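Next come the chains, spelled out residue by residue.
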Amino acid sequence: MKRSDYISWDQYFMGVASLSALRSKDPNTQVGACIINTDKRIIGIGYNGLPQQLSDDEFPWTKDGDLQDTKYPYVVHAEANAILNATQSIKNGVCYVTLFPCHECTKLLIQSGIKELVYQENKYENTPSNVAAMRMLNAAGVKIRQFHLGQIEIKP
Ligand SMILES: Nc1ccn([C@H]2C[C@H](O)[C@@H](COP(=O)(O)O)O2)c(=O)n1
Ligand SMILES: [Zn+2]
C-alpha cells in the first residue's frame, strides 16, 4: 500500500519557496518564490537579493536612512527573480510566495499572465503597497489564497 502521509502539492511548492528564502542575505526579511506551470512543473524560483555582479558585502542591508543608503533601491524581489529565472512562459501559472507581493511585483506577475497567487505571510497587510497590490490582483482576476503552514489537505 502506498504511503499516506506524503506532503501536498501546496506544501511541496511552498516548501521550495521557503527553502529559496533561506538563500537571502537580507537580515530582516527573507522571501522566496516558486512558480509552476499548468502541469505542476516548477518553472521559476527566486529569493530577494542584489542583482548579479553586485557585492553583498559592499551594498547596504539597512532599512533606515537616506534611500540610497538602504537596501531598498538595490534588492531584486523574490517574485521578480522567479519571473526572470523562469525557463518558459509563466502564463496561466501559479506563483507560490512566502510573503504577499508588493505592488511592483504584482504588476510583473499580472503582466506575465499568472492566474493564481498562493502566499504564506502578509506582514505588511493594509500598507499602501499591499492595498494597491490586492486591488490590482482582484481587478485582473488573479485567484488569491493563503497557505497556512501545517494545514491538512486532501491530496489528489
Ligand atoms: N513580496 C516581497 C516583499 C518584499 N521583498 C523583499 C524586499 C526586501 O529585501 C525585503 C523587505 O524588507 P523589510 O522592509 O521587511 O525589511 O523583502 C520581496 O522579495 N518580496
Ligand atoms: Zn516586490
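Everything discussed here concerns the structure shown above.
Residues numbered from 1 in each chain as written. Chains lettered and ligands numbered in written order. Predicted model: local features only at pLDDT ≥ 70, side-chain atom pairs only at ≥ 80, totals over all residues. Heavy atoms only, no water.

Structural notes on the layout of surface pockets
Logical step 1: The computed volume of the largest pocket comes to approximately 650 Å³.
Logical step 2: Lining the largest pocket are 27 residues; nearest its centre among them are Y72, H77, L99, C102 and Y124.
Logical step 3: Looking at the lining of the largest pocket, the elements with two or more residues in it are helix 2 (78–85), helix 3 (103–111) and helix 4 (128–139).
Logical step 4: With 4 residues, helix 3 is the largest single contributor of residues to the lining of the largest pocket.
Logical step 5: Taken together, the residues of the lining of the largest pocket break down into 12 nonpolar, 9 polar and 6 charged. (1 Å grid on protein atoms, 1.4 Å probe; cavity = no way out; pocket = protein on both sides within 12 Å on 5 of 7 lines; lining within 4 Å. Points joined across faces, edges and corners; volume = space filled by probe spheres on them. Helix = DSSP H or I, 4+ residues; strand = E, 2+ residues; numbered from the N terminus. Nonpolar A, V, L, I, M, F, W, Y, C, P; charged D, E, K, R; others polar.)

With respect to the site of ligand 1
Logical step 1: Neighbouring residues of ligand 1: 18 residues in total, closest T29, K71, Y72, E79 and Y124.
Logical step 2: At 2.7 Å from an oxygen atom of ligand 1 is found a side-chain nitrogen or oxygen belonging to D26.
Logical step 3: One of the backbone nitrogen or oxygen atoms of L99 is found 3.4 Å away from a nitrogen atom of ligand 1.
Logical step 4: Protein chains shield 94% of the accessible area of ligand 1, which is 470 Å² for the free molecule.
Logical step 5: Judged by the proximity of its atoms to the pocket grid, ligand 1 belongs to the largest pocket.
Logical step 6: Of the residues in the shell around ligand 1, the class split is 9 nonpolar, 4 polar and 5 charged. (Near = heavy atom within 4 Å. Polar contact = N/O pair within 3.5 Å; in protein donor to acceptor, adjacent residues only side chain to side chain. Areas by Shrake-Rupley, 256 points an atom, 1.4 Å probe, with all protein chains shown as cover. Sits in = over half its atoms within 2 Å of the grid points.)

Observations regarding the packing of helix 2 against helix 3
Logical step 1: Taken N-terminus to C-terminus, the directions of helix 2 and helix 3 make an angle of 30 degrees; their axes are 9 Å apart at the nearest point. By the angle class used here, helix 2 and helix 3 are roughly parallel. With respect to the hand of their crossing, helix 2 and helix 3 are arranged in left-handed fashion. Residues E79, A80 and I83 of helix 2 form the contact with helix 3, whose own contacting residues are C105, L108 and L109.
Logical step 2: The residue makeup of the contact of helix 2 with helix 3, split by class, is 5 nonpolar, no polar and 1 charged. (Axes fitted to C-alpha atoms, helices over the stretch in contact; angles between N-to-C directions. Parallel < 35°, antiparallel > 145°, perpendicular 65-115°, else oblique. Left-handed = near helix turned anticlockwise from the far one by under 90°. Contact = heavy atoms within 4.5 Å.)

Details of the coordination of the zinc ion (ligand 2)
Logical step 1: Bound to the zinc ion (ligand 2) on the protein side are H77 (ND1), C102 (SG) and C105 (SG), at distances that span 2.0 to 2.2 Å.
Logical step 2: On the primary sequence, the residues serving as donors to the zinc ion (ligand 2) are separated as H-x24-C-x2-C. Here the residue H77 occupies a position in the loop between strand 2 (42–47) and helix 2, and C105 occupies one in helix 3, the gap between them amounting to 28 residues.
Logical step 3: A residue is classified by how much of its surface remains accessible, and H77, at 32% relative accessible area, is partly exposed.
Logical step 4: With relative accessibility at 3%, the residue C105 sits in the buried group. (Donors = N, O, S within 2.8 Å, 3.2 Å for Na, K, Ca; no water. Buried < 20%, exposed > 50% of the residue type's maximum accessible area, 1.4 Å probe, protein only.)

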